[in-house]
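Chain by chain, the residues:
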Amino acid sequence: MKHTEVETRAVNEADRTAQAAPKGESGAWAHAPERSNMLALRFIVMMALVCGRHVTRLLLPPIALYFLLFAPAQRRHIKRYLFRAIGPRAGWVDGFRLLHAFASTVLDRVYFLRGRMDLFKVKIEGNEPLDVELANGRGAFLLGAHVGSFEALGACKQQTHQRHMRLAMLMYPDNARRITGILNAIAVPGLRPHVIALGRPHSMLELRDWLDSGGMGGMLADRTLPGSEDQPAHQRGNNIVLPFLGQPAVFNDGPFRLAALLRRKVFFMAGLYGGGARYDVRFDPLADFGERAASSEEREQRIRAAVEAYVARLEAMCRAYPYNWFNFHDFWLEDAA
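Residues numbered from 1 in each chain as written. Predicted model: local features only at pLDDT ≥ 70, side-chain atom pairs only at ≥ 80, totals over all residues. Heavy atoms only, no water.

As named in an unreviewed UniProt entry, the chain is Acyl-CoA synthetase, taken from Variovorax gossypii. Looking at the Subcellular location (unreviewed entry) heading of the UniProt record, one finds this comment for the chain: "Cell inner membrane". (UniProt positions renumbered as here; feature names shortened; annotations may be inferred.)

Here it is as structure tokens:
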């Protein structure tokens, strides 16, 4: 695809914006240190590889109970979410189930990255439109959330028509560097997704070239992106307040603006944990920015509609799979208030 000089300058501006330091609580998660212990992580990974999944899963209940008892901030955020997702009947048992599901998906990352799909029962739905994009050699955006397991998407490669799917993850790597480093070290070549790090020089240009070569760009879009508030709106994503699980929440339209800039289709993606060895991988079309908007007003309307569709789909997922929500921070910004 041939790009105009204006598009290239716009992508370069997005690069500079991504490197700006955050100035508010809404983007503070990107620089928050992970809560983990390297020795414990290495021990669990060793157990997973040596003893197998069935035995290692025996460690998950005490791990979930530990964080439920000794992580008061995370417990508070989990309680708020569960009250909104399943109602006021939510209690300690529900908090434990959510943390156990989270621990299960972290453990299963080891096996997904080792290519052990035989250990799981994976159901894939809605992948037909994505197959068309793959067949045409055009890249697309896959926008997910901190819901379920991103690594479960690797099961799609087991299908014959998706064996050549190339996926790059657009992410902030700093706040999960240690656990990511361990898991990357054990990944089988070809199963570890390529990472395009946000906030690095030329990261947006790298993404553009990746999409032009037919690769897919994946991003978790449920967290407000860090950026500089003193920049004009056309150089950064806008924060949009939308109702989510009955309470106003802040979402950023930056990923959709990027898709509109690069003129790509956008799909919602989720690898939902169903308990035991079950995962449901789902894709849903969200927006098609393949055709240039006739006016800036039309472009803004299409971006807004895409964000609203994303939030509606995310809310439906949370209600259908309430124990798959892994945003353990002040999502609704109630502590700041």
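**Student:** How should I be thinking about the environment of Gly 91 in this particular structure?
**Tutor:** Of note, Gly 91 is situated in the loop between α5 (72-86) and α6 (92-113). Residue class for Gly 91 comes out partly exposed when judged on its relative accessible area of 33%. In sequence terms Gly 91 and Lys 79 are twelve residues apart; their C-alpha atoms lie 7.6 Å from each other. (Helix = DSSP H or I, 4+ residues; strand = E, 2+ residues; numbered from the N terminus. Buried < 20%, exposed > 50% of the residue type's maximum accessible area, 1.4 Å probe, protein only.)

**Student:** Whenever I open this one, the packing of aromatic side chains confuses me. Can you help?
**Tutor:** Aromatic rings in a pair are described by how distant their centres are and how their planes are angled relative to each other. This structure, assessed with the given rule, holds 20 aromatic pairs. Between Phe 251 and Phe 331 the ring centres are 5.8 Å apart and the planes differ by 70°, which places this aromatic pair in the edge-to-face class. Remark: Phe 331 occurs in the segment after α11 (296-320) and Phe 251 occurs in strand β7 (residues 247-252); sequence separation between them is 80 residues. By the burial criterion, Phe 251 is buried, and Phe 331 matches it. Aromatic ring contacts, followed pair by pair, group Tyr 81, Phe 244, Phe 251, Trp 325, Phe 331 and Trp 332 into a single cluster. Positioned over the ring face of Trp 210 is Arg 166, at 4.2 Å from the centre of the ring. (Phe/Tyr/Trp six-rings, centres within 6.5 Å; stacked < 30°, edge-to-face > 60°. Lys NZ or Arg CZ within 6 Å of the ring centre and 35° of its normal.)

**Student:** I keep staring at the UniProt feature "transmembrane region" (unreviewed entry) in the chain and nothing clicks. Help me out?
**Tutor:** Within this structure's numbering, the places UniProt gives as "transmembrane region" (unreviewed entry) are residues 43-70. For the annotated span residues 43-70, helix accounts for 86% and strand for 0% of the residues, and the straight-line distance between the end C-alpha atoms is 20 Å.

**Student:** Any chance you could explain the pattern of salt bridges here in plain terms?
**Tutor:** In a structure, side chains of opposite charge can pair up when their charged atoms sit close to one another. Scanning all chains against the criterion turns up 19 salt bridges. For the salt bridge of Arg 53 with Asp 108, the shortest nitrogen-to-oxygen distance reads 2.7 Å. In this pair, Arg 53 is assigned in helix α3 (residues 53-56) and Asp 108 in helix α6, connecting sequence segments 55 residues apart. The two residues Arg 53 and Asp 108 agree in class, both being buried. Between Arg 84 and Glu 334 there is a salt bridge, with the nearest N and O atoms lying 2.7 Å from each other. Of the two residues, Arg 84 is situated in helix α5 and Glu 334 in the segment after α11; the sequence distance between them amounts to 250 residues. A relative accessible area of 18% places Arg 84 in the buried class. Classification of Glu 334 as partly exposed rests on a relative accessible area of 26%. What emerges from the salt-bridge pattern is a single network uniting Arg 76, Arg 80, Arg 84, Asp 330, Glu 334 and Asp 335. (Salt bridge = Lys/Arg side-chain N within 4 Å of Asp/Glu carboxyl O.)

**Student:** I would appreciate a short explanation of the pairing of strand β6 (residues 239-244) in the present structure.
**Tutor:** Put simply, side chains in a regular strand alternate between the two faces of the sheet. Burial along β6 is one-sided: Ile 240, Leu 242 and Phe 244 are buried, and none of Asn 239, Val 241 and Pro 243, which face the opposite way, are. With six bridges joining them, β6 and β7 adopt antiparallel strand pairing. Across the sheet, Phe 244 pairs through a bridge with Gln 247, a residue of β7. (Pairing = 2+ DSSP bridges.)

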